[in-house]
Amino acid sequence: MALLQNDPITQLAFSVYENRGVFAVLLGSGLSRSAEIPTGWEITLDLVRRVAEAQGVPAQTDWAKWYREQTGQEPNYSVLLEEIASSPDERRAILHRYIEPDEHDREEGRKKSTKAHHAIAQLVRAGYVRVIVTTNFDRLMENALREQGIEPTVVASADALAGAEPLTHSRCYVLKLHGDYKDARILNTDQELSAYPDGYNRLLDRIFDEHGLIICGWSGEWDHALRAAFLRAPNRRYPVYWAARGTLGSGAQELTTHRAARAVPITGADEFFQTLQQRVETLEKSQRQNPLSVELLVSGAKRYLAKPEHRIQLDELFAHETDRLVDQLDGDTFFAQGQLSPESFRARVQLYESVTEPLARMAGVLGRWGDGKDFDVVLDVLRSLYHHAGKIGNGLTVWLNLRSYPAVLIFTAYGIGLTKAARWDTLLQLFSSALATENREPQRIVSTLFLWSWAGGEQQLWQQLEGMDRRKTPLSDHLLEVMMDWRKSFAGADANFELLFERFELMGSLAAFHENDEAQLEKAIEASAARNDVLAWMPVGRSGWRSAGARTLLQELEDESRIVELLKAGYAKGSRRFLQLFAENFKLYARRMSW
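Here's a quick rundown of the structure. Residue positions are given per chain, counting from 1 as you read along its sequence in written order. Totals for whole chains, interfaces and linings use all residues, but because this is a predicted model, local features are given only for residues with pLDDT of at least 70 and pairs of side-chain atoms are given and counted only at 80 or more. Only heavy atoms go into the side-chain values, all of them from the structure, while hydrogens and water stay out.

## A few points about the overall build of the protein chain
Inference 1: Check the secondary structure of the protein chain and you find 27 helices and 9 strands.
Inference 2: Once the C-alpha set of the protein chain is aligned to its principal axes, its extents read approximately 95 × 60 × 45 Å.
Inference 3: Expressed as a percentage of its 595 residues, the buried residues of the protein chain come to 53%.
Inference 4: Working rule for contacts: check all heavy atoms of both residues, and any pair within 4.5 Å makes them a contact. For the protein chain, restricting intrachain contacts to residue pairs at least 6 apart in sequence, the fraction spanning at least 24 positions comes to 73%.
Inference 5: Of the roughly 26,800 Å² of accessible surface on the protein chain, a fraction of 48% belongs to carbon and sulfur atoms. Helix numbering and strand numbering both begin at the N terminus, where a helix is a DSSP run of H or I of at least 4 residues and a strand a DSSP run of E of at least 2. Working definition: with a 1.4 Å probe on protein chains only, accessible area under 20% of the residue-type maximum means buried, over 50% means exposed, and in between means partly exposed. For accessible areas, the Shrake-Rupley method is used with a probe of radius 1.4 Å. Any residue's cover is judged against the shown protein chains and nothing else.

Take a look at the structure:
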């Protein structure tokens, strides 16, 4: 028997974890039922009761039976709503009563986000889910997301879709197919639900084609336009999991057959999503060093750094962590063979970051609070890791190049710490120090580990990361995200960490620009203007396209005190004119990158 044959939730957890951001969630009215927001059938029977009682009919034990006897038809939500209210505004007002909590509901804890909503929101916060499609009118999902600090892009009408942030760029995209209960444009009746606007259909086609699906709370029996979209989607790319209590109905069975979906028996939405979230979190933690132990290591580095007599302990701490990291990098997880896919690349990058985090954050501490003696410690770490990365020469080029990513992370964290402390001379020493492998001539760190100078920094490769597909500087943008998570160790409560990060990159660009000769650059000015190109090649980070950061950084290069500091530290080869030429080259790059 297969190991996961009778455990579809664990199988789903592995799929969600290994395919970060790939799965979309499709939620129906059943998800809000535990919040005591009635389903469409319950609203239907209540409307029958209210209409009948208004006509003087005595209370019935079975209002559905009474309705059949009176009309010869099954109770129908759409028919009743059309009879009672002729306009969308009237229908919205009726629905509002069933969804909006009153004072008594609040006291009893009803009509608020459920455990399932909160578990989904936690998956969104962790980056595992980015798209939520729902047939519900309520705002329970949005409320849960906001409690996690996530402001979702909410599309509840065709008009909202036209002006919404693109799906690719949104951290969380919520598509409310039937509208929002506070908007008169909600879709209630069979006629209204028979077909979606063209924009909705195109968006659903894309979601169903490009994402895996986790379905819960939707019967698959009604919502004809949604069923049609589901049946239009080909059965490919990623799997579909349909969580349901009991046996799926005939309508749902047709859809599961079409998409080869896997049914997941559950006792309730709360338990299902909580279990899924917890198992994904467990898988994540199993690949990441215990956060508490990371904090202890960082604290140890700070403690040893504070007292000169603990210098030996500091060296031993870094040596031990470097050996530990190298042992992990030698494991089968980082094999250089195998196929490349967006999913495998994302997983490999995430794993490198998780095993490198302790040492990188410790290096950042040395950069921020070191006294100069720290430099040799970090340089030894970088040389050790870079040499280790070059020991394997056979395998997929992408995986071989990525082997030095831990060195990139440590170099970046240390460099940001130095930048935060304005240790300009040590920062330039870092950029200018040589790294070598058995098969390559020594080269400066700025020529081996910095932005696209790094062999693993190919733009198209890093655009495969979630949300980076249209970024101009995907590696730079991703490194900013990583350092944002680690910054408390070495940057503190910096009010503008983004600018600090870009200042570090600008200093790297200047150090790389040192490869040029000032006299040759002067000659290149006229030729550059003629062909509308830069003066000379150099790696440029995200400030090349982010005009706000570029303006601030260029103003700093015109500040007399900053100029004196940088020239004294050895930047621009000690030449004011060289610094001016660098600034001009940066502007030319920024102009080209803004196209």
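Here the narrative resumes.
## A few points about the environment of Val482
Inference 1: Tracing the backbone shows Val482 in helix H22 (residues 474-486).
Inference 2: A relative accessible area of 6% means that Val482 is categorised as buried.
Inference 3: Counting along the chain gives 73 residues from Val482 to Leu409, while the straight-line C-alpha distance between them is 8.8 Å.
Inference 4: Excluding its chain neighbours within four sequence positions, the residues that come into contact with Val482 are Glu353, Tyr405 and Leu409.

## Let's talk about the sheet that holds strand S2 (residues 129-134)
Inference 1: Pairing is parallel in the open sheet, where 7 strands are placed in the order S3-S4-S2-S1-S5-S6-S7. The open sheet has two edge strands, strand S3 (153-155) and strand S7 (262-265), and neither has a second partner. On average, each strand axis in the sheet is tilted by 20° relative to the strand beside it, whichever way the strands run.
Inference 2: In the packing of helix H1 (residues 8-18) onto the sheet, the strands contacted are strand S1 (23-27), strand S5 (212-216), strand S6 (240-244) and S7, and the crossing angle to S7 comes to about 120°.
Inference 3: Here helix H7 (residues 115-125) sits on the sheet and contacts S1 and S2; the angle it forms with S2, its principal contact strand, is near 145°. Strand pairing is defined by DSSP finding a minimum of two bridges between the two strands. Only the contacting stretch of a helix is used when fitting its axis, a line to C-alpha atoms as for every element, and angles between N-to-C directions run 0 to 180 degrees.

## Section: the pattern of salt bridges
Inference 1: Throughout this description, the term salt bridge denotes a Lys or Arg side-chain nitrogen within 4 Å of a carboxyl oxygen of Asp or Glu. Scanning the entire structure with this criterion turns up 29 salt bridges.
Inference 2: In this structure, the salt-bridge partner of Asp315 is Arg311, at a minimum N-O distance of 3.1 Å. Placement of both Asp315 and Arg311 in helix H15 (residues 311-329) is noted, with a separation of 4 residues, approximately one turn of the helix.
Inference 3: On the basis of relative accessibility, which here comes to 27%, the residue Arg311 falls in the partly exposed class.
Inference 4: The shortest N-O distance in the salt bridge between Glu498 and Arg542 comes to 2.6 Å. With Glu498 in helix H23 (residues 497-513) and Arg542 in the loop between helix H24 (518-531) and helix H25 (547-558), this residue pair connects regions lying 44 residues apart in the sequence.
Inference 5: Because the salt bridges share partners, they merge into one network encompassing Arg471, Asp477, Glu498, Glu502, Arg542 and Arg546.

## A closer look at H24
Inference 1: Expected span of a helix, by definition, is 1.5 Å for each gap between consecutive residues, and there is one gap fewer than residues. End to end, H24 covers 20 Å across 14 residues, agreeing with the expected 20 Å (1.5 Å per residue, within 8%).
Inference 2: The bend reported for a residue corresponds to the angle between axes fitted to the seven residues ending at that residue and the seven starting there. Within H24, the axis deviates most sharply at Ala524, by approximately 35°.
Inference 3: Buried residues of H24: Leu521, Ala524 and Ser528, and no others.
Inference 4: Buried residues in H24 make contact with H23 and helix H27 (576-593).
Inference 5: The residue sitting at the N-terminus of H24 and contributing the capping side-chain oxygen is Asp517; that oxygen lies 3.1 Å from the backbone nitrogen of Ala519. As used in this structure description, the phrase polar contact means that two N or O atoms lie within 3.5 Å; if the pair is within protein, one of them must be able to donate a hydrogen and the other to accept it, and residues adjacent in sequence are counted only when both atoms belong to side chains.

## Some remarks on the packing of helix H19 (residues 405-420) against helix H20 (residues 424-432)
Inference 1: Interhelical geometry of H19 versus H20 gives an angle of 160° and a closest axis separation of 8 Å. Relative to H20, H19 is oriented roughly antiparallel. Crossing hand, H19 versus H20: left-handed. Residue-level contacts link Phe411, Tyr414, Gly415, Leu418 and Thr419 of H19 to Trp424, Thr426, Leu427, Leu430 and Phe431 of H20.
Inference 2: Among the residues forming the contact of H19 with H20, the class breakdown is 7 nonpolar, 3 polar and no charged. By definition in this entry, angles of less than 35 degrees are roughly parallel, angles greater than 145 are roughly antiparallel, angles of 65 to 115 are roughly perpendicular, and the rest are oblique. Each crossing gets its handedness from the near helix: less than a right angle anticlockwise from the far helix is left-handed, clockwise is right-handed. All amino acids are sorted into three groups, where Ala, Val, Leu, Ile, Met, Phe, Trp, Tyr, Cys and Pro are nonpolar, Asp, Glu, Lys and Arg are charged, and the leftover types, Gly among them, are polar.

## Some details on unusual backbone geometry
Inference 1: For Ala260, which is not glycine, the phi torsion reads 50° and is therefore positive.
Inference 2: Topologically, Ala260 is positioned in the loop between helix H12 (250-259) and S7.
Inference 3: Judged by its relative accessible area of 54%, Ala260 falls in the exposed class.
Inference 4: Despite not being glycine, Ala572 has its phi angle at roughly 55°, a positive value.
Inference 5: Following the sequence through the fold, Ala572 ends up in the loop between helix H26 (560-569) and H27.
Inference 6: Exposure remark for Ala572: the relative accessible area of 0% places this residue in the buried category.

## What about the packing of aromatic side chains?
Inference 1: Between rings of Phe, Tyr and Trp, where Trp is taken as its six-membered ring, a pair exists when centres lie within 6.5 Å; planes separated by under 30 degrees are stacked, by over 60 edge-to-face, and by other angles tilted. Applying the stated criterion across every chain yields a total of 25 aromatic pairs.
Inference 2: Each ring, one from Phe450 and one from Phe504, has its centre 6.3 Å from the other, and the planes form 85°; the classification is edge-to-face. Within this pair, whereas Phe450 is found in the loop between strand S9 (440-444) and helix H21 (459-462), its partner Phe504 is found in helix H23, the two being separated by 54 residues in sequence.
Inference 3: An aromatic cluster is built from Phe334, Phe345, Tyr352, Tyr405, Trp454 and Trp462, whose rings are joined through pairwise contacts.
Inference 4: Cation placement over rings: the criterion is NZ of Lys or CZ of Arg within 6 Å of the ring centroid and within 35° of the ring normal. Geometry around Phe230 places Arg259 over its ring, the cationic atom sitting 5.8 Å from the centre.
Inference 5: Positioned over the ring face of Tyr304 is Arg303, at 5.2 Å from the centre of the ring.

## What about the state of the cysteines?
Inference 1: Only a pair of cysteine sulfur atoms within 2.5 Å counts as a disulfide in this structure description. With the rule as written, the count across this model stands at 0 disulfides.
Inference 2: Residue Cys172 stays outside any disulfide, its sulfur separated by 17 Å from that of Cys216, the closest cysteine.
Inference 3: Exposure remark for Cys172: the relative accessible area of 1% places this residue in the buried category.

## Some details on the nonpolar core
Inference 1: Residues belong to a common nonpolar core when they are buried Ala, Val, Leu, Ile, Met, Phe, Trp, Tyr or Cys residues joined through side-chain atoms within 4.5 Å. Residues Tyr405, Trp462, Met483 and Tyr571 are the most contacted members of the largest nonpolar core, which totals 106 residues.
Inference 2: Once residues lying within four places of it in the same chain are set aside, the contact partners of Met483 are Leu409, Thr412, Ala413, Ile416, Phe490, Phe497 and Phe501.

## Considering a negative patch on the surface
Inference 1: Note that patches include only residues with greater than 30% relative accessible area and no salt bridge, and the join distances are 9 Å for like charges and 5 Å for nonpolar side chains (Val, Leu, Ile, Met, Phe, Trp, Tyr). Residues scored as positive are Lys and Arg, those scored as negative are Asp and Glu, and His as well as the terminal groups of each chain are ignored. A single reference atom marks each charge: NZ on Lys, CZ on Arg, CG on Asp, CD on Glu. Together, Asp102, Glu103, Glu107 and Glu108 give the surface a local cluster of negative charge.
Inference 2: Topologically, Glu108 is positioned in helix H6 (residues 103-108).

## What about the side chain of Glu556?
Inference 1: Turning to its location among the elements, Glu556 is positioned in helix H25.
Inference 2: Among the residues examined, Glu556 registers a relative accessible area of 17% and is labelled buried.
Inference 3: Those residues in contact with Glu556 that sit more than four places away from it in its chain are Arg503 and Arg562.

## A closer look at the environment of Cys216
Inference 1: Position of Cys216 relative to the elements: it lies in strand S5.
Inference 2: A relative accessible area of 2% places Cys216 in the buried class.
Inference 3: With 358 residues separating them in the primary sequence, Cys216 and Gly574 have C-alpha atoms 65 Å apart.
Inference 4: When near neighbours in sequence (up to four residues on either side) are disregarded, Cys216 contacts Leu26, Leu27, Gly28, Leu31, Ala243, Ile266, Ala269, Phe272 and Phe273.

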